[in-house]
Amino acid sequence: MNLVDYPPSLSLAQLPTPLQPLDRLRKKTGGPRIWIKRDDLTGCATSGNKIRKLEFTLANALAQGCDTVITCGGIQSNHCRTTALLGAQLGLTVHLVLRGEKRGEKRGENPNEPADGNLLLDELAGAHISYYAPVDYQRNLEELMVQWLRHYEDQGRKVCLIPTGASDGIGVWGYIRCCEELAADFLQHDIKPRHIISATGSGGTQAGLTAGNVLHELSAEVWGINVCDDENYFLQKVRADLRDWQQRYNQSLNVDELDIHVIDGYVGPGYAKATKDIFQTIRLLAKLEGILLDPVYSGKAFHGLLEEIKKGRFSDSDDIVFIHTGGLFGLLAQRTELDLSRNETC
Ligand SMILES: *Cc1c(COP(=O)(O)O)cnc(C)c1O
């Protein structure tokens, strides 16, 4: 039975991704059974959660006849890297508006130092990149995007703007469809997880999971652990993405009645800044399960999940699904923080 009518999309991700129990971790830490949805395996270079959204976003861009896409994010944005690579695959010109200094422009930095992590892949994929100091970016993002839009339109290009993280009413479809996959996973493993948890950075993943949970009748509670901003911001942002989705596609689901749950308290020193205990959780999962989390999103959120389990938010008898949203290249960009000399045993 088809519970949901999807708009057109491109088949770009390697799907379905596996759902695996973290049994070795559970043996060590006790607590509820955690299943991990391996969306870090949605593609080699295009890995992570953004590709699920971009399957819809880029289908929409192509349907509108766009030959150029402009998007934005932090200097190590997984979303920008995924867009750069998929744009190359589809023959689109990609322009990235990035928050942060170009390498070599920070004091004490070597200008010949090659780009790292996601940025290296952006360059490799041939994306056009412009860099803005964080204050300018924050203050003027909309104008900057429009400025570049005009720049390309003046050259006769047909341009599509993609918002941060592809989080809008179009991108929401990606994780609605992931919920259809989860429904099949749950059937296959004969489980009925009570909670679905993921990292929240721009809100579209959580928005999709929140709507998909209802549309695909998963009967779970969906939680986002925010890695920037705060609970209030994301309660509004997730709802706004859902309203946009509802209006664009004339959906009957009442999005104002959907429960949105944000677990705040794990941002730490700031976006993309992780404390030692987060790197410790990253090492723990790598050693115990062979799973690679990142310090910006998945590692922060997974660390938050383990802390919340310790605090008793989740009952030991309820299964939990953690969505591994990817981020490996962001881990590599922060390799100096990993401190592997601390070789404690698990
Ligand atoms: C973007 C991203 C997230 C957050 O997803 P949003 O839909 O932006 O909230 C989580 N994990 C990783 C690795 C990401 O790149």
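Here goes a summary of the coordinates provided. Only a predicted model underlies this, so the values are computations on that prediction, with no experimental measurement involved.

Here we have six strands laid out as an open sheet, ordered S1-S2-S10-S7-S8-S9, and mixed in their pairing. Only two strands of the sheet have a single neighbouring strand rather than two, namely strand S1 (19–21) and strand S9 (261–263). Put simply, the sheet's adjacent strands are angled 30° from each other on average, direction ignored. With five bridges connecting them, strand S2 (residues 34–38) and strand S10 (residues 320–324) associate as parallel partners. By the bridge assignment, tryptophan 35 is partnered in S10 with valine 321. Running over the sheet, helix H8 (residues 231–248) touches strand S7 (195–200), strand S8 (221–226) and S9 and is turned about 150° from S9.

A few words on the packing of helix H7 (residues 204–215) against H8. In contact at an axis separation of 8 Å, H7 and H8 are set at 60° when each is read in the N-to-C sense. If you check the angle between H7 and H8, you find them oblique. Note on packing geometry: the crossing formed by H7 with H8 is right-handed. Contact residues: Gly204, Gln206, Ala207, Thr210, Ala211 and Leu215 in H7; Val238, Asp241, Leu242 and Trp245 in H8. Residues of the contact of H7 with H8, tallied by class, amount to six nonpolar, three polar and one charged.

Quick look at the site of the ligand now. Taken together, 16 residues sit near the ligand, with Lys50, Lys53, Ser202, Thr205 and Thr325 positioned nearest. Within the contact set of the ligand, an oxygen atom lies 2.8 Å away from a side-chain nitrogen or oxygen of lysine 50. Threonine 205 has a polar side-chain atom sitting 2.7 Å from an oxygen atom of the ligand. Those elements that place two or more of their residues in the shell around the ligand are helix H2 (50–63), S7 and H7. Here the shell around the ligand is built from residues that sort into two nonpolar, twelve polar and two charged. Shared between two domains, the shell around the ligand holds at least three residues of each, these being domain 1 (19–48 + 168–342) and domain 2 (50–165).

Moving on, we get to helix H4 (residues 117–124). Within H4, burial applies to Gly117, Asn118, Leu119, Leu121 and Asp122. Looking at the buried positions of H4, the neighbouring elements they touch are helix H3 (78–90), strand S4 (93–99), strand S5 (128–132) and helix H11 (328–333). Following H4 by one or two positions, glycine 126 adopts a phi angle in the positive range, close to 80°.

Before going further, it helps to examine the sheet that holds strand S6 (residues 159–161). Across the sheet, which stays open at both edges, the four strands sit in the order S5-S4-S3-S6 with parallel pairing between neighbours. Strands at the two margins of the open sheet, each flanked by one partner only, are S5 and S6. In this sheet, adjacent strand axes meet at a mean angle of 20° when their direction is disregarded. Summarising the sheet, strand S3 (residues 68–74) and S4 pair through seven bridges and their orientation is parallel. Paired with threonine 71 across the bridge in S4 is leucine 96. The strands touched by H3 within the sheet are S3 and S4, with S3 carrying the most contacts at an inclination of about 160°.

Here we take up the nonpolar core. Nonpolar side chains in soluble globular proteins tend to be buried together. Formed by 51 residues in total, the largest nonpolar core has its most connected members in Leu25, Ile34, Leu242, Phe302, Leu305 and Phe322. When residues of this core are assigned to their parent elements, the largest contribution, six residues, is made by helix H9 (residues 276–289). With near-sequence residues (within four places) excluded, phenylalanine 302 lies in contact with Leu22, Leu25, Ile34, Thr281, Leu285, Leu293 and Phe322. Ile51, Leu58, Ala61 and Ala166 belong to the second-largest nonpolar core, a separate cluster that totals 22 residues.

When the local axis directions of helix H5 (residues 134–154) are compared, the greatest deviation, roughly 80°, occurs at asparagine 140. Of the positions making up H5, those classed as buried are Tyr137, Leu141, Leu144, Met145, Trp148, Leu149 and Tyr152. Residues of H5 that are buried sit in contact with S3, S4, S5 and S6. Two residues or fewer after H5 comes glycine 156, characterised by a positive phi angle close to 85°.

Moving on: the pairing of S2. Each regular strand carries side chains that alternate between the two faces of the sheet. In terms of burial, S2 is largely enclosed, as five of its five residues are buried. Along S2, one buried face is formed by Ile34, Ile36 and Arg38 and the opposite face, lined by Trp35 and Lys37, is buried too. Strand direction decides the pairing type here: S1 and S2, joined by three bridges, are antiparallel. Bridge pairing in S2 places glutamine 20 opposite isoleucine 36.

Calculation notes
- Residues numbered from 1 in each chain as written.
- Predicted model: local features only at pLDDT ≥ 70, side-chain atom pairs only at ≥ 80, totals over all residues.
- Heavy atoms only, no water.
- Pairing = 2+ DSSP bridges.
- Helix = DSSP H or I, 4+ residues; strand = E, 2+ residues; numbered from the N terminus.
- Axes fitted to C-alpha atoms, helices over the stretch in contact; angles between N-to-C directions.
- Contact = heavy atoms within 4.5 Å.
- Parallel < 35°, antiparallel > 145°, perpendicular 65-115°, else oblique.
- Left-handed = near helix turned anticlockwise from the far one by under 90°.
- Nonpolar A, V, L, I, M, F, W, Y, C, P; charged D, E, K, R; others polar.
- Near = heavy atom within 4 Å.
- Polar contact = N/O pair within 3.5 Å; in protein donor to acceptor, adjacent residues only side chain to side chain.
- Domains from an automatic or database assignment.
- Buried < 20%, exposed > 50% of the residue type's maximum accessible area, 1.4 Å probe, protein only.
- Core = buried A, V, L, I, M, F, W, Y, C linked by side-chain atoms within 4.5 Å.
- Bend = angle between axes of the 7 residues up to and from the residue.

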